[in-house]
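Here are the chains, one letter per residue:
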Amino acid sequence: MHTTRKRNFSATFALLPTWFAAIVVYIGTMVWSIRLSFTDSTLFPSSNYVGFAQYVKLFSSAKWLASLHNVLIFGVLYVGGCLVLGFLLAAALDRKIRFENAFRTIFLYPYAMSFVVTGLIWQWMLNPTLGIQASVRSLGWETFVLDWVVNRNMAIYALVLAGIWQGAGLVMVIALAGMRGIEAEQWKAARIDGIPVWRIYVSIILPQLGPALAAAGMLLAMGVIKTYDIVVAMTNGGPGNSTEVPAKFIMDNLFGRQNLGLATAGATVLVLSVIIAVAPFRYAMYMRNRPKGAA
Amino acid sequence: MNKKMKLFLAGVALVATLAPVHAEDKPTIEIMSSWTSGGESAALNVIKTEFEKRGGVWKDSSIAGFGAADAAFQNRIVAGDAPGAKQGVIGLAAADFVNQSLMNPIADVAAAGKWADALPKSIYDLISYNGEVYLAPTGAHGESWVFYSKQAFEKAGIAEEPKSWDEFFAGLDKLKAAGIVPVAWGGQPWQQTKVFNMILLSRVGIDGFLKIYVDKDKSEASVEGVKKTLEILGKLRGYVDDGAAGRNWNDATAMVITGKAGVQFMGDWAKGEFTVAGKEAGKDYGCMITPESPGMVYIADSIWFPKTANAETDNAQKLLAEVVMDPAVQLEFSLKKGSVPMRSDVDKSKLDVCARKGLELMTAGNIVPDQAIVLTPQQVGLLDDFVDEYWSSGSQDAVSGAENFFSIFE
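Residues numbered from 1 in each chain as written. Chains lettered and ligands numbered in written order. Predicted model: local features only at pLDDT ≥ 70, side-chain atom pairs only at ≥ 80, totals over all residues. Heavy atoms only, no water.

## Re the packing of aromatic side chains
As enumerated under the stated definition, the model contains 39 aromatic pairs over all chains in all. Relative to A:Y201, the ring of A:F87 has its centre 6.5 Å away and its plane inclined at 85°; by these criteria the two rings are edge-to-face. Here A:F87 is found in helix 3 (residues 62-94), whereas its partner A:Y201 is found in helix 9 (residues 197-208), with 114 residues between them in sequence. In this structure, A:F87 and A:Y201 share a single accessibility class: buried. Seen in terms of ring centroids, B:F274 and B:Y285 are 3.9 Å apart; in terms of plane orientation they differ by 10°. Their pairing is stacked. Here B:F274, found in helix 13 (residues 270-276), pairs with B:Y285, found in strand 10 (residues 285-289); they are 11 residues apart in sequence, far enough to count as distant. On the basis of relative accessible area, B:F274 is assigned to the buried category, the value being 1%. An aromatic cluster of at least three residues, connected via ring pairs, comprises B:F196, B:F209, B:Y213, B:F386, B:F405, B:F406 and B:F409. (Phe/Tyr/Trp six-rings, centres within 6.5 Å; stacked < 30°, edge-to-face > 60°. Helix = DSSP H or I, 4+ residues; strand = E, 2+ residues; numbered from the N terminus. Buried < 20%, exposed > 50% of the residue type's maximum accessible area, 1.4 Å probe, protein only.)

This is the structure:
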């Protein structure tokens, strides 16, 4: 008993710097930002409190509402698309094909690129006067149209496309690692029963990959909230509000528009929505793990 | 002993090699600007060359993109690591920094150089805050320009500059028929707002423009003026190419330079691009004020001098302020950048046709300030949103658009 406490003490002592960083850097700045969102700060922090005025302004701003709408579309399609494509790629590589290493590298390669580079490449490819459209037209197909980045209705899907291109490789690697961990016996058993291959993947492999895919999905979802650089590189929020995202809205107001109050209000809303989305999930995990811990 | 002696000698040798570096205490300045395009950096280089000639050391921290440079600057200010100088517009944009006493006044340089006599009064007022001069103006830009390719006009059979909007649109139709992109459009919010303002000035006149932006007047006449402006803006949508969305201004200028496009609405900094490409005003390309416009929208650049708590930098700032306002530098800078010199006492004969046109309007007082001078950055942002949304939504509803316009001042 005594030794345990002693060990705990030294562990706590060793963790002190981390605690300090967590409290001051993360929680401290968060509290500071939330405080600012209730003031009329413009370029510099002020302490003139205005209640919820910034939030009222925020939610009457068409741009902010558009950005929430956009990030929702982007998030669902991006995470979903990456998971589906990543799983399919992993399943394909799992079939013990030739040059597996080469393919794995190729598929994972985009993930090593920054979003800015990804965004620029896709912006060029989808730009009607420079990219695929121009090349196809110069080959003779004069009516070919592929103008996603400049088309208001399609620009958000251009972002999704570029995002999936980049992120699917990560899911593939995680899923492939999971598949390699599945015992060969299961395969043999399923073969003997004469179950078709696709059915084995859907009904046997997929359920076992649950935790791996959940982890991959979580990683991607965190990226969605922070989506900024790919938008700036590809469309800069345009045309109009069609690809505006919350992080960009916040950055614009923080710097270009010298509107600290509104920017911090946006950031606060973002933090709250993340907490609301994550809390039930964390709670479920906690409940599931508790019996083990108690035993 | 011997060993110690060796060490000592080595130390002396080391100090001797390092000493000259330390002995020079030249006034050093780090300047942050967004002047990175061909014409812009050539202009900045004029100031740099003269600054170095007078014994200064120049450190360039230029960042492409006005917004990006501003963001970096604010970060540095907040972090207490302000650069020695920052390029920025005159007027309200700098007001917050000055009021928070983050800027060094350069009143003594201004007094010694008799800036009050050399500058137009309106400019002198806009670089002074609370009665003291804080900014060193580099040049003014006219923003009511339509640049056109003479080659494209010839090909389309347009004999002379259109005088009215009707003639203008007739010209655009001809360009379209000749297979040329009629308007080289830069589909970024700030550029679109500039076009909006040019058209607005041509619809409501100088007094009407000032009423709207300075007095925030929402009378019948103002609303009607905005409505007419939106109608023309909406009509222009039919004359741009597919790749317009998000295009940089200098890429749009390049389209006019190469004759791929007919006209571009832009501030006169676009001339810098023409000059770099070896094109001559009045010969290869033409410049006209927006049709039916009684004057010109202008913006003025300046150098800001943040407080750095470093006496050496303070001296360098004073030297830079002197250099910027030097008559020869002002002229050379304007030639390179395509702007109009701020000083009224420079040699006008060297200016090109366009700059002389602009200077005429300026001396006659037929100018109105750009929104960045008279609106707060928050309002400027909302104006950008408004114009961008109208332009890219394809809305034909100019009436309710005109009503919405005035909400940016609330």
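## Some remarks on the nonpolar core
Residues and elements named next belong to chain B. Within the largest apolar cluster, 136 residues are counted, with the highest numbers of intra-cluster contacts made by W115, F196, L236, L320 and F405. By residue number, the principal contributor to this core is helix 10 (residues 189-213), which donates 11 residues. Here this core spans two domains, since at least three of its residues come from each of domain 1 (27-141 + 300-367) and domain 2 (145-298 + 370-409). If sequence neighbours within four positions are ignored, L236 has contacts with F168, F169, L172, V183, W185, V195, I199, F265 and W391. (Core = buried A, V, L, I, M, F, W, Y, C linked by side-chain atoms within 4.5 Å. Domains from an automatic or database assignment. Contact = heavy atoms within 4.5 Å.)

## Description of the pattern of salt bridges
Applying the stated criterion across every chain yields a total of 28 salt bridges over all chains. A:E244 serves as the salt-bridge partner of A:K63, at 3.9 Å between the closest nitrogen and oxygen. Here A:K63, found in helix 3, pairs with A:E244, found in the loop between helix 11 (229-234) and helix 12 (246-256); they are 181 residues apart in sequence, far enough to count as distant. With a relative accessible area of 11%, A:K63 lands in the buried category. Under the relative-accessibility criterion, A:E244 is labelled buried at 1%. Residues B:D326 and B:R54 are paired through a salt bridge, measuring 3.0 Å at the closest nitrogen-oxygen approach. (Salt bridge = Lys/Arg side-chain N within 4 Å of Asp/Glu carboxyl O.)

## Quick look at the domain arrangement of chain B
Residues and elements named next belong to chain B. Structurally, chain B comprises domain 1 (27-141 + 300-367) and domain 2 (145-298 + 370-409). Between domain 1 and domain 2, the C-alpha centre-to-centre distance is 27 Å. Taken residue by residue, the interface counts 29 residues in domain 1 and 26 residues in domain 2. The junction of domain 1 with domain 2 conceals about 2,200 Å² of combined surface from both sides, 65% of it contributed by carbon and sulfur atoms. For domain 1, the biggest contributors to the area lost against domain 2 are H141, C354 and I367; these three give 28% of the whole. Across the contact surface, domain 1 and domain 2 share 1 salt bridge. Note that D352 and K271 form a salt bridge whose closest N and O atoms lie 3.3 Å from each other. Inspection of the region where domain 1 meets domain 2 yields 5 residue pairs in polar contact (both at pLDDT 80 or more). Among the secondary structure elements, those contributing two or more residues to the side of domain 1 that touches domain 2 are helix 2 (38-53), helix 4 (92-99), helix 7 (121-126), strand 6 (136-142), helix 15 (327-337) and helix 16 (353-363). The element best represented in the side of domain 1 that touches domain 2 is helix 16, accounting for 7 residues. Class assignment of the residues belonging to the side of domain 1 that touches domain 2 gives a composition of 15 nonpolar, 9 polar and 5 charged. (Buried area = accessible area lost by both parts, 1.4 Å probe. Polar contact = N/O pair within 3.5 Å; in protein donor to acceptor, adjacent residues only side chain to side chain. Nonpolar A, V, L, I, M, F, W, Y, C, P; charged D, E, K, R; others polar.)

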